[in-house]
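Descriptive structure summary
Below are the chains, spelled out letter by letter.
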Amino acid sequence: MWRFTKGSMALLACLMVPAGAMAAGLALPASGIKAPYSPLAIPTRMTPLEDSLETLLDRQYRVVAAHQAGGEEVLVLFQGDMPDRAGSTVLCALTMPNPARDQNVVTSRCWALNHPDR
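All values derive from a computational prediction rather than experimental measurement. (Residues numbered from 1 in each chain as written. Predicted model: local features only at pLDDT ≥ 70, side-chain atom pairs only at ≥ 80, totals over all residues. Heavy atoms only, no water.)

We now examine the overall build of the protein. Check the secondary structure of the protein and you find two helices and five strands. For the protein, the N- to C-terminal ordering of α and β elements is α-β-α-β-β-β-β. Among the 118 residues that make up the protein, the fraction classed as buried is 28%. Of the accessible surface of the protein, which amounts to about 8,300 Å², a share of 61% is contributed by carbon and sulfur atoms. (Helix = DSSP H or I, 4+ residues; strand = E, 2+ residues; numbered from the N terminus. Buried < 20%, exposed > 50% of the residue type's maximum accessible area, 1.4 Å probe, protein only. Areas by Shrake-Rupley, 256 points an atom, 1.4 Å probe, with all protein chains shown as cover.)

Written out as structure tokens, the structure is:
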């Protein structure tokens, strides 16, 4: 059973809202505009992982959200019942083969979204 903290739920909501907003033809408020509902853009560290999506799934990570963006499938993964543990929330980009670009295998790139020094 998954237990999410308010922080992890907010993170997942933030990652999923743009996908839904774009599907409905809506746009999020631009960063820094003078409006009470527009937060400033804050630098967010994404630590590159040397593991493939396949390896993460083999380690019991679960896909909790997915969206197509820029020709890739963008996946949010979550592992276990401890969302505050470093590396328990991961963002991956899955790229399908494209012979026109001389890419003949599926590849993935993944980043940890939470870190131990918080």
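Our next topic: the confidence of the model for the protein. Summing up the model confidence of the protein, the mean pLDDT is 76 and the portion of residues at 70 or higher is 69%. Long-range and interchain partners of residues 1–13, a stretch whose pLDDT sits below 50, account for 17 contacts in this model, where long-range means more than four residues apart. (pLDDT = per-residue confidence, 0-100. Contact = heavy atoms within 4.5 Å.)

Here the focus is the side chain of Q103. Relative to the assigned elements, Q103 resides in the loop between β4 (89–95) and β5 (107–112). Note on Q103: relative accessible area 16%, which makes it buried. Filtering out sequence-adjacent residues up to four positions away, Q103 remains in contact with T95, M96, P97 and N98.

With that out of the way, let us pick up the environment of P29. One can find P29 in the loop between α1 (6–23) and β1 (47–48). On the basis of relative accessibility, which here comes to 35%, the residue P29 falls in the partly exposed class. Between the C-alpha atom of P29 and that of P39, which follows or precedes it by ten residues, the distance is 8.6 Å. In this structure P29 touches Y37 and S38, once residues within four positions along its chain are discounted.

If you walk across this open sheet you meet the five strands as β1-β5-β4-β3-β2, and the pairing is antiparallel. At either margin of the open sheet sits one strand with a lone partner, and together these are β1 and β2 (61–69). Pairing between β4 and β5: six bridges, direction antiparallel. Opposite V90, over in β5, you have A112 as the bridge partner. (Pairing = 2+ DSSP bridges.)

Enumeration according to the criterion identifies one disulfide in this entry. The side chain of C92 participates in a disulfide bridge whose partner is C110; the two sulfur atoms lie 2.1 Å from each other. Handedness of the C92-C110 disulfide follows from its S-S torsion of about 110°: it is right-handed. Of this pair, C92 sits in strand β4 while C110 sits in strand β5, placing them 18 residues apart in sequence. Each member of the pair C92 and C110 is classed as buried. (Disulfide = S-S within 2.5 Å.)

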